[in-house]
Amino acid sequence: MKILVVTEQRQGKWNNTSFETLVAAQQIASATSGTVSAAVIGKGVAGLAEEIAGKNVAEVLLVEHELLENYTPDGYCVALKQVIDTAKPDLVLFPHTYQVRDFAPKLAASLGKGMVGDCIGFRHEGGKLVFVRQMFQGKTVADVTFTGAAPWFASFQSGAFRADLLAAHGSGKAPVNAVGAELKPDQIRTKPLELFKEAKSSVDLTQAPLIVAIGRGIKAPENIAQAEALAKAMGAEIAASRPICDEGWLPMERQIGSSGQTVAPKLYMALGISGAIQHVVGMKGARTIVAINKDQNAPIFEIADYGVVGDIFEVMPALTEELQKAKG
């Protein structure tokens with residue numbers, strides 16, 4: 001199976017979900033005895049292509065054009081359609097980002113294909129790839145397979161795969177091959193304006209390496225300060241399960257779960273979180289999960305790497321004090 005990963009960058013900076021999607025591609029290639037190629041699209045992105053060439057891929061396709069400097073759905077679709085016609089992949093993978101949601105369905109439709117979006121995993125069984133995606137806000141999942149001829153299109157949710165598992169190239173670097181894209185100004189029907197910027201107060205938890213998350217066990221909003229002190233001592237971001245944000249104790253941008261953000265940090269510390277499936281689907285991709293809960297039967301312990309059965313109001317200040325001591 002030939003797999004093509006369409007990576008995402010903006011103004012010369014990676015969207016880290018691209019690396020997670022490359023991990024998914026490597027795992028699919030291992031299961032299907034396939035190969036992985038990566039496409040880097042934009043203008044002046046040769047350096048980014050060289051970076052990807054250091055990963056375990058067969059080749060990197062460098063797609064550059066003046067009209068690709070700024071993202072437009074028309075420009076990306078016209079260019080990537082030519083890439084797909086040339087590379088002839090069996091499977092095209094994307095990170096499930098806002099940008100991909102904008103252009104990938106259009107790209108698939110232009111080739112007469114469907115697309116399976118927002119997948120959280122896959123299986124290879126009976127000679128077929130089975131993609132797994134959530135339904136009804138994470139309450140259940142569905143298995144989806146492609147019945148038509150290749151190429152097939154799919155995107156993977158942020159946090160579904162761990163970027164730290166991305167394998168490096170075995171013998172240095174993969175070749176970087178430039179792909180000439182024919183693109184004319186009249187093919188682009190939209191005019192890019194200033195990039196949307198989040199409010200200064202907002203936070204992108206998907207990029208946080210360390211997260212301290214609180215649940216119902218925090219009991220009252222005045223107790224959140226203890227969790228924030230622990231997060232500060234760790235150099236972590238503070239987050240929460242849905243009930244905390246629904247109460248307005250923390251802003252909605254701090255919510256983790258099926259109706260919030262999906263994260264995959266190096267360390268996820270769950271304080272007083274029971275572990276409902278709606279929350280777990282948003283953080284199960286963390287490299288290390290530490291759960292602290294006084295209920296020894298809390299479901300969160302089923303996925304935790306380390307579990308402490310205890311009172312968070314005893315553990316939080318003790319941890320904070322020890323961390324502050326360690327910092328001198």
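Provided above is the structure to which this section pertains.
Keep in mind that this is a model prediction, so the values were computed, not measured. (Residues numbered from 1 in each chain as written. Predicted model: local features only at pLDDT ≥ 70, side-chain atom pairs only at ≥ 80, totals over all residues. Heavy atoms only, no water.)

Peer 1: Break down the overall build of the protein chain for me, citing the residues and quoting the values.
Peer 2: The number of helices and strands found in the protein chain is eight helices and 16 strands. Relative to the 2.2 N^0.38 estimate, which gives 20 Å for 328 residues, the radius of gyration of the protein chain is 22 Å and therefore close to what a compact globule would have. Each principal axis of the C-alpha atoms in the protein chain carries an extent, and together these give about 65 × 50 × 40 Å. Contacts in the protein chain between residues far apart in sequence, at least 24 positions, make up 64% of those at least 6 positions apart. Surface summary for the protein chain: the accessible area is close to 15,900 Å², and the carbon and sulfur share equals 51%. One way to put it: in the protein chain the 32 positive side-chain charges average out to a point 3 Å from where the 34 negative ones average out. (Helix = DSSP H or I, 4+ residues; strand = E, 2+ residues; numbered from the N terminus. Rg over C-alpha atoms; globule rule 2.2 N^0.38 Å. Contact = heavy atoms within 4.5 Å. Areas by Shrake-Rupley, 256 points an atom, 1.4 Å probe, with all protein chains shown as cover. Lys, Arg positive; Asp, Glu negative; His and termini not counted. Charge placed at Lys NZ, Arg CZ, Asp CG, Glu CD.)

Peer 1: Can you explain helix 1 (residues 17-32)? Please cite residues and give values.
Peer 2: The terminal C-alpha atoms of helix 1 lie 23 Å apart, and with 16 residues this matches the ideal 22 Å at 1.5 Å per residue to within 8%. The element helix 1 is largely enclosed, with a buried count of 13 among its 16 residues. Positive phi appears at Ser-33, one or two residues downstream of helix 1, with a value of about 55°. (Expected span 1.5 Å × (residues − 1). Buried < 20%, exposed > 50% of the residue type's maximum accessible area, 1.4 Å probe, protein only.)

Peer 1: A description of the packing of aromatic side chains should follow, citing residues and the corresponding values.
Peer 2: In this structure the tally under the stated criterion is 11 aromatic pairs. Note on Tyr-71 and Phe-103: the rings are 6.0 Å apart at their centroids and 55° apart in plane angle, and the pair reads as tilted. Linking Tyr-71 in the loop between strand 5 (59-64) and helix 3 (73-87) with Phe-103 in helix 4 (residues 98-110), this pair joins segments that are 32 residues apart in sequence. A relative accessible area of 2% places Phe-103 in the buried class. Measuring from ring centre to ring centre gives 5.0 Å for Phe-156 and Phe-161, while their planes differ by 85°; the resulting arrangement is edge-to-face. Here Phe-156 matches Phe-161 in class, with each residue buried. A network of ring pairs unites the aromatic residues Phe-122, Phe-131, Phe-146, Trp-152, Phe-156 and Phe-161 as a single cluster. (Phe/Tyr/Trp six-rings, centres within 6.5 Å; stacked < 30°, edge-to-face > 60°.)

Peer 1: Can you explain the sheet that holds strand 15 (residues 288-293)? Please cite residues and give values.
Peer 2: The strand order across the open sheet formed by five strands is 13-12-14-15-16, and the pairing between neighbours is parallel. The strands lining the two open edges of the sheet, one partner per strand, are strand 13 (237-240) and strand 16 (306-309). Strand-to-strand, the axes of this sheet are offset by a mean angle of 15°, without reference to chain direction. Contacting strand 12 (210-214), strand 13 and strand 14 (267-271), helix 5 (residues 224-234) crosses the sheet at an angle of about 170° to strand 12. (Pairing = 2+ DSSP bridges. Axes fitted to C-alpha atoms, helices over the stretch in contact; angles between N-to-C directions.)

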